[in-house]
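Residue-level structure breakdown
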Amino acid sequence: MAQRALCEASARRYYRRVSDRDPALESLLAVTDTSLTELDVDDLLGELLSRIRTILDADTAAVLLREADSEVLIARAARGLEDEVREGVLIPVGRGFAGAIAATKRPVILDRIDSTTVANPILWEKGIQTMLGVPLLHDERLIGVLHVGRLEQRPFTEHDTVLLQVAGERVAAAIESRRLAVEVAAARELERSLQPARLPRLAGIEFAGRYVPSERRAIGGDWYDAFVLPGGRLWVVTGDVAGHGLNAAVVMGRVKSALRSFTLVRDHAADVLALTDRKVHFFEFGTMITVVVATAIPPYDRWEIASAGHLPPVFVGEDQPAELLRIPVGPPLGVELSTERSAVEVTLAPGSVMLFYTDGLVERRQVPMDERLETLRETVISDDPESVCRTVMHRLIDAPTDDDIAVLAIRRTP
Amino acid sequence: MADFQITAGEHGAASTLHVAGELDLAVAEELRQAGLSCLESDDPGLRIDLGGVTFIDSTGLGALVNLRTVANEQGKTLHLVDVPAEVNRMLQLTGLTDTFQVA
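This one's a predicted model, so the numbers in the text were calculated from it and none came from an experiment.

Across the contact, 26 residues belong to chain A and 23 residues belong to chain B. Taken together, the links from chain A to chain B amount to four salt bridges. There are five residue pairs in polar contact (both at pLDDT 80 or more) connecting chain A and chain B. Counting residues per element, the ones that place at least two in the side of chain A that touches chain B are strand E10 (234-244), strand E15 (329-330) and helix H10 (369-379) of chain A.

Written as structure tokens, this is what we have:
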């Protein structure tokens, strides 16, 4: 293969000299700085590729991105090679020109373009004679490949390589910052959309819920849910997908929906848990989810409650001290397929309250969990659910939270 | 900040992974990778020494569960060693006590 990998030390020496005085490069740096906040990522990539093409006197410029730690590069933006993006070109890491750059994380110059050197026929059909490509790295991790090409036989130089590396750093930074911002925004929007917009209005049971996303980091996968089936059977669910970010929120959406579906075919809380466990095992492999499920039929006096690794709900009867419900706790969903799920029966007299919540409400690094659970227990009193939620949130949330918090209170109407 | 560290050691035939500090989202993946690299060896099992752990959240527990799954798939055992009371309590609360072999 007519490839030349370049010595990184010499590239770095070049880098200093080039970045100090190359006016073309200065214009590239300027455009990325001012545009970062205004353009969406596709427009920004398009703009950067146009500039790069000018600076390097190239006919084509393209960015391929690696999708979510997969072993495949996908054409994302191009100038002079628009078909690459339109056709959704896929390049396996390790194959061909871009694949080799991705696999070695090193720049490559290619002076012969044909089926033996590149994996993508668009490149040789277009008549490209010489190519230069650099890896796009973020914290040493490969996020993609940036390459340029010329239609005439005028090979790229080491100077070109250094220019393209500097440009590549900017492109990588732009992609990462934008991707992060988009992911956080999307996860927040998704998570919010998955909380019930309105809790059921039901004779005999009152509801109140709170969902507060983490202040300090990307969103998690907490949810609460309450719904009534035809015939009056009521289901109350609170769950937490371990992990954070868009993926946790997406998994949460699927699991919440699957669990709802299983309530259409099973009346027992333990059976619904068992089916949801199977769903997580087969379709969400590697995910761990805690969830507590409660169900009752009118007049909602006798409840069946089952827990998969979830923190115990708080129960308080009218004029009685609150208690943490003693439920047989099975492992979280996704841990052990052969798990036998079981439930307890709880009698909810008029005026009695149950509070369901996720670990973000009680978990604090410096305080043992049992102390926090005790604080929660003594905070919950037999009151209307809105007041219960308000008091609990006020008393338990004493500092910026690391985690999402979902809380659902129900009361049997006195 | 977590004062998290992993050191691979030897205990009989199984390697031991010593973990200290706060096992949370920030280090869960690091723990998982360290455990996976231990499981790549020919050792018959993996011991995870949690003696220095001061805090564990659901992502930390998730990493331990994942390592156990991988170990079981390979016909190996995973033992938790020197489990602090607070970590043990979290295993109880999350219904994971019977999932792990605690030495």
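Moving on from the model shown.
A separate point is the environment of Lys256 of chain A. Along the chain, Lys256 of chain A turns up in helix H8 (residues 246-263). In sequence terms Lys256 of chain A and Pro400 of chain A are 144 residues apart; their C-alpha atoms lie 27 Å from each other.

In terms of nonpolar packing, the biggest core is built from 55 residues, with Leu355, Tyr357, Leu361 and Leu376 of chain A together with Ile48 and Leu50 of chain B touching the most fellow members. Setting aside residues up to four positions removed in sequence, Leu50 of chain B forms contacts with Val19, Leu23, Leu64, Leu80, Val81, Asp82, Val83, Pro84 and Val87 of chain B. Judged by nonpolar contacts, the second largest core, of 27 residues, contains Ile109, Leu132, Ala174 and Ile175 of chain A.

This brings us to unusual backbone geometry. Residues and elements named next belong to chain A. With an omega of 5 degrees, the peptide bond running from Pro298 to Pro299 counts as cis. Relative to the helices and strands, Pro299 is located in the loop between strand E11 (289-296) and strand E12 (302-308). Even without a glycine there, the phi angle at Tyr300 is positive, about 65 degrees. Structurally, the position occupied by Tyr300 is in the loop between E11 and E12.

Attention now moves to the side chain of Asn66 of chain B. Here Asn66 of chain B lies in helix H2 (residues 58-73). Setting aside residues up to four positions removed in sequence, Asn66 of chain B forms contacts with Gly286 of chain A together with Arg32 of chain B.

As a further point, take empty space enclosed by the protein. To find leftover empty space, a probe the size of one water molecule is rolled over the atoms. For the structure shown, the criterion picks out five cavities of 30 Å³ or more. Approximately 150 Å³ is the volume found for the largest cavity. Along its surface, the largest cavity is lined by 17 residues, and Thr290, Gly309 and Asp359 of chain A together with Ser58 and Thr94 of chain B are the ones closest to its centre. Its residues assigned to classes, the lining of the largest cavity shows seven nonpolar, six polar and four charged. Around the second largest cavity sit Leu64, Glu84, Ile91, Phe97, Ala98, Val118, Ala119, Asn120, Leu123 and His147 of chain A, which together line it.

Below, the discussion takes up the sheet that holds strand E13 (residues 314-316) of chain A. Residues and elements named next belong to chain A. Taken in spatial order, the five strands line up as E8-E18-E17-E13-E14 in an open sheet, and their pairing is antiparallel. Each edge of the open sheet carries a strand with a single partner, namely strand E8 (205-212) and strand E14 (323-324). Of the strand pairs in this sheet, E8 and strand E18 (residues 405-412) are connected by eight bridges, and their pairing is antiparallel. Bridge pairing links Gly209 to Leu408 in E18.

Attention now goes to the packing of helix H7 (residues 158-194) of chain A against H8 of chain A. Residue and element names in this part refer to chain A. Contact pair H7 / H8: the axes reach a minimum separation of 8 Å and the direction vectors enclose 20 degrees. The angle between the axes of H7 and H8 places the two elements in the roughly parallel class. Handedness of the H7/H8 crossing: left-handed. Contact residues: Glu183, Ala186, Ala187, Leu190, Glu191 and Leu194 in H7; Leu246, Ala249, Val250, Met252, Gly253 and Lys256 in H8. Considering only residue class, the contact of H7 with H8 consists of eight nonpolar, one polar and three charged.

Before going further, it helps to examine the side chain of Thr99 of chain B. Summarising the element assignment, Thr99 of chain B is placed in the loop between helix H3 (85-93) and strand E5 (101-102). By relative accessible area, Thr99 of chain B is classed as buried at 8%. Not counting chain neighbours up to four residues away, the residues in contact with Thr99 of chain B comprise Pro331, Val335 and Glu336 of chain A together with Arg68 of chain B.

A contiguous nonpolar surface patch, about 350 Å² in accessible area, is contributed by Phe282, Phe283 and Leu337 of chain A. Residue placement: Phe282 of chain A occurs in helix H9 (residues 269-283).

The subject of this paragraph is the confidence of the model for chain A. Summary statistics for chain A give a mean pLDDT of 86 and a share of 89% for residues scoring 70 or more. Low confidence marks residues 1-17 of chain A, where pLDDT is under 50. Its contacts with residues over four positions away, or in another chain, come to 31 contacts.

With that out of the way, let us pick up the environment of Ser338 of chain A. All names here are of chain A. Along the chain, the position of Ser338 falls in the loop between E15 and strand E16 (343-347). Judged by its relative accessible area of 63%, Ser338 is exposed. Separated by 64 residues in the primary sequence, Ser338 and Ala274 have C-alpha atoms spaced 9.1 Å apart.

Turning our attention to the packing of helix H1 (residues 25-39) of chain B against H2 of chain B. All names here are of chain B. For the pair H1 and H2, the least separation of the axes is 8 Å and the interaxial angle reads 15 degrees. Taken together, H1 and H2 sit at an angle that is classed as roughly parallel. Note on packing geometry: the crossing formed by H1 with H2 is right-handed. Residue-level inspection shows Leu25, Ala28, Leu31, Arg32, Gly35, Leu36 and Leu39 of H1 in contact with H2, the latter providing Thr59, Gly60, Ala63, Leu64, Asn66, Leu67, Val70 and Ala71. Considered class by class, the residues forming the contact of H1 with H2 number 10 nonpolar, four polar and one charged.

About the thresholds
- Residues numbered from 1 in each chain as written.
- Chains lettered and ligands numbered in written order.
- Predicted model: local features only at pLDDT ≥ 70, side-chain atom pairs only at ≥ 80, totals over all residues.
- Heavy atoms only, no water.
- Contact = heavy atoms within 4.5 Å.
- Salt bridge = Lys/Arg side-chain N within 4 Å of Asp/Glu carboxyl O.
- Polar contact = N/O pair within 3.5 Å; in protein donor to acceptor, adjacent residues only side chain to side chain.
- Helix = DSSP H or I, 4+ residues; strand = E, 2+ residues; numbered from the N terminus.
- Core = buried A, V, L, I, M, F, W, Y, C linked by side-chain atoms within 4.5 Å.
- Buried < 20%, exposed > 50% of the residue type's maximum accessible area, 1.4 Å probe, protein only.
- 1 Å grid on protein atoms, 1.4 Å probe; cavity = no way out; pocket = protein on both sides within 12 Å on 5 of 7 lines; lining within 4 Å.
- Points joined across faces, edges and corners; volume = space filled by probe spheres on them.
- Nonpolar A, V, L, I, M, F, W, Y, C, P; charged D, E, K, R; others polar.
- Pairing = 2+ DSSP bridges.
- Axes fitted to C-alpha atoms, helices over the stretch in contact; angles between N-to-C directions.
- Parallel < 35°, antiparallel > 145°, perpendicular 65-115°, else oblique.
- Left-handed = near helix turned anticlockwise from the far one by under 90°.
- Patch = residues over 30% accessible without salt bridge, like charges linked within 9 Å, V, L, I, M, F, W, Y side chains within 5 Å.
- Areas by Shrake-Rupley, 256 points an atom, 1.4 Å probe, with all protein chains shown as cover.
- pLDDT = per-residue confidence, 0-100.

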